[in-house]
Amino acid sequence: MSQRSLSQKDVERLLAAPDAQARIDTMTHLVRDLEAGDLAEAERALAMDILQRFAADAVTAVREAVAWQIHNSSLLTEGLAEKLARDVDRVAFPILRHAEKLSEGLLLDILRERRPAKELAIAGRRSVSPAVSDALVRNGNVIVITELLRNRGAVIPEPSLHSVLDRWGGVATVNEAMAARPDLSAAVVEKLILFVSEEIRNRLIRTHRLNPRLIGILVERAREAVTLLLLKPLTPREADVELLARHLLIRGRLSAPLLFRALCAGEIALFDAGMAVRANLPPENARQLAWDGGPHALKGLFAKAGLSFTLLKPFRVAIAVAKALDYRGGDEGRERFQTEAIATLFDACGNSQDREIDDLLLQLFDQTSAEVIEKALEQAGMPFSPLST
């Protein structure tokens, strides 16, 4: 191969291009010569030095042109890659998106800058490690996270996927991108199925061979659970609780499972108001029948409210626990009540052969924290395995 040398005139021309576009054009020719191997060793070293200077040019457009010219070139050394990756967004983007000579540590360090454009570049890399994926999720940019989910080369830890669903599961672009991933665990699919459209849900059912009936049950329970999560901040006064109960009744949401959830979650005011609204009774009358009137009074209230007598026992057990602990609602003593109620319920009703009671008890897994449930079932001598049902 013939070799030629850079003359002093060439060097001066390269370093003294009068405007940015001229320097960009000169840099392009220089890169072509370097990649072609037409320079002698000494001249190549000199040309690399000139390239380094272009990479530090005062004009952003020149540095950006360098980054795009060498992002997939053998001319990109680790040092130069890091220098460009730490530059402004426009310069860093092609390096962060395409260059393989970037360590995980460097990428994590750059993500601490919390620059959305750089995050987006990293999310679309050919391969993204679990640690980098987790950092992207933690930074919390939903556009970046959607890009990450669409990237088949990204290895995303399961806890990170759960975090995404917990925060953005209701965002269509997010849940659709996640649904298209082929590497989802059963636990992630179960949670995801609650957020996606019916079309995507059917696709997930086919892809992962899920039981459509089980999915229907999970979706309904999730709707009830989300309803309860919204109740606390909406009901600061008793009058508000009654209004909310009436609204839920009109919408067909004031069901036995929701009332049972409210009771076991310690939302006593909502339980009382819900029973009163369903039974079309004054709140004080319903409260006395539920709490002070004995077993026959509660049965009469159930009849008036149109609730199945089959479910009387678990409701009675939960009410008895609240009375024994003198728990009347509110944050103080809530966790203790939840723990005692769940433990007592599974001890008293866990061996029931009635499907209605079994389904009612399963509601607790959707609204009480796993820690409370695990502690309660431990007290009842039962293993914590909600998915086994």
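Residues numbered from 1 in each chain as written. Predicted model: local features only at pLDDT ≥ 70, side-chain atom pairs only at ≥ 80, totals over all residues. Heavy atoms only, no water.

A. Expanded view of the side chain of Ser-160. In this structure, Ser-160 sits in helix 11 (residues 158-168). Filtering out sequence-adjacent residues up to four positions away, Ser-160 remains in contact with Asp-134 and Val-137. (Helix = DSSP H or I, 4+ residues; strand = E, 2+ residues; numbered from the N terminus. Contact = heavy atoms within 4.5 Å.)

B. The packing of aromatic side chains, seen in detail. For the coordinates displayed, the defined rule picks out 5 aromatic pairs. For the pair Phe-271 and Trp-291, a centre-to-centre distance of 6.3 Å together with 85° between the ring planes defines the contact as edge-to-face. Taken together, the residues span a long stretch of sequence, with Phe-271 in helix 18 (residues 268-279) and Trp-291 in helix 19 (residues 283-291) at a distance of 20 residues. For the ring pair Phe-302 and Phe-315, a centre distance of 5.1 Å and an interplane angle of 80° mean the geometry is edge-to-face. With Phe-302 in helix 20 (residues 294-305) and Phe-315 in helix 21 (residues 312-324), this pair connects stretches of sequence that are 13 residues apart. Each member of the pair Phe-302 and Phe-315 is classed as buried. Through successive ring pairs, a cluster of aromatic residues spans Phe-260, Phe-271, Trp-291, Phe-302 and Phe-315. The lysine or arginine in question, Lys-299, covers the ring of Phe-309, its NZ or CZ lying 5.2 Å from the ring centre. (Phe/Tyr/Trp six-rings, centres within 6.5 Å; stacked < 30°, edge-to-face > 60°. Buried < 20%, exposed > 50% of the residue type's maximum accessible area, 1.4 Å probe, protein only. Lys NZ or Arg CZ within 6 Å of the ring centre and 35° of its normal.)

C. Inspection of helix 4 (residues 60-70) at higher detail. What helix 4 keeps buried is the set Val-62, Arg-63, Ala-65, Val-66, Ala-67 and Ile-70. If you follow the buried residues of helix 4, they end up packed against helix 2 (20-36), helix 3 (41-55), helix 5 (78-85) and helix 6 (89-98).

D. Region of the structure containing the packing of helix 7 (residues 104-111) against helix 9 (residues 130-139). It is the contact of helix 7 with helix 9, at a shortest axis distance of 10 Å, that shows an interaxial angle of 5°. Judged on the interaxial angle alone, helix 9 and helix 7 are roughly parallel. From helix 7, Glu-104, Leu-107, Leu-108 and Leu-111 reach across to helix 9, where they touch Ala-131, Val-132, Ala-135, Leu-136 and Asn-139. Classifying every residue of the contact of helix 7 with helix 9 gives 7 nonpolar, 1 polar and 1 charged. (Axes fitted to C-alpha atoms, helices over the stretch in contact; angles between N-to-C directions. Parallel < 35°, antiparallel > 145°, perpendicular 65-115°, else oblique. Nonpolar A, V, L, I, M, F, W, Y, C, P; charged D, E, K, R; others polar.)

E. Inspection of helix 7 at higher detail. Within helix 7, burial applies to Leu-106, Leu-107, Leu-108, Ile-110 and Leu-111. Tucked into the core, helix 7 has its buried residues touching helix 5, helix 6, helix 8 (116-123) and helix 9.

F. Representation of the confidence of the model for the protein in the model. On average, residues of the protein score 77 in pLDDT, and 75% of them reach the 70 mark or higher. pLDDT under 50 marks residues 225-237. Its contacts with residues more than four places away, or in other chains, come to 18 contacts. (pLDDT = per-residue confidence, 0-100.)

G. Region of interest: the nonpolar core. The biggest cluster of nonpolar side chains holds 64 residues, and the ones touching the most others in it are Leu-51 and Leu-84. Here the element with the most residues in this core is helix 3; it accounts for 6 residues. Looking at which domains feed residues into this core, each of domain 1 (1-102) and domain 2 (113-231) gives three or more. Once residues within four sequence positions are removed from consideration, Leu-51 is found in contact with Met-27, Leu-30, Val-31, Leu-34, Val-66, Ile-70 and Leu-75. Within the second largest apolar cluster, 43 residues are counted, among which are Leu-254, Ala-286, Tyr-327 and Ala-341. (Core = buried A, V, L, I, M, F, W, Y, C linked by side-chain atoms within 4.5 Å. Domains from an automatic or database assignment.)

H. Seen up close, the packing of helix 8 against helix 9. Between helix 8 and helix 9, whose axes approach to 11 Å, the crossing angle comes to 145°. When the axes of helix 8 and helix 9 are compared, the crossing they make is left-handed. Of the residues in helix 9, those in contact with Glu-119, Ile-122 and Ala-123 of helix 8 are Val-132, Leu-136 and Asn-139. Here the contact of helix 8 with helix 9 is built from residues that sort into 4 nonpolar, 1 polar and 1 charged. (Left-handed = near helix turned anticlockwise from the far one by under 90°.)

I. Layout of the pattern of salt bridges. This model, assessed by the stated rule, comprises 17 salt bridges. In this structure, the salt-bridge partner of Glu-82 is Arg-86, at a minimum N-O distance of 3.1 Å. Taking the shortest distance from any N to any O, the salt bridge between Glu-267 and Arg-334 comes out at 3.7 Å. Taken together, the positions of Glu-267 in the loop between helix 17 (256-265) and helix 18 and Arg-334 in helix 22 (residues 334-349) put the pair 67 residues apart, joining distant regions of the chain. Since its relative accessible area comes to 13%, Arg-334 is described here as buried. Residues joined by salt bridges that share partners form a network here, namely Glu-82, Arg-86, Asp-109 and Arg-112. (Salt bridge = Lys/Arg side-chain N within 4 Å of Asp/Glu carboxyl O.)

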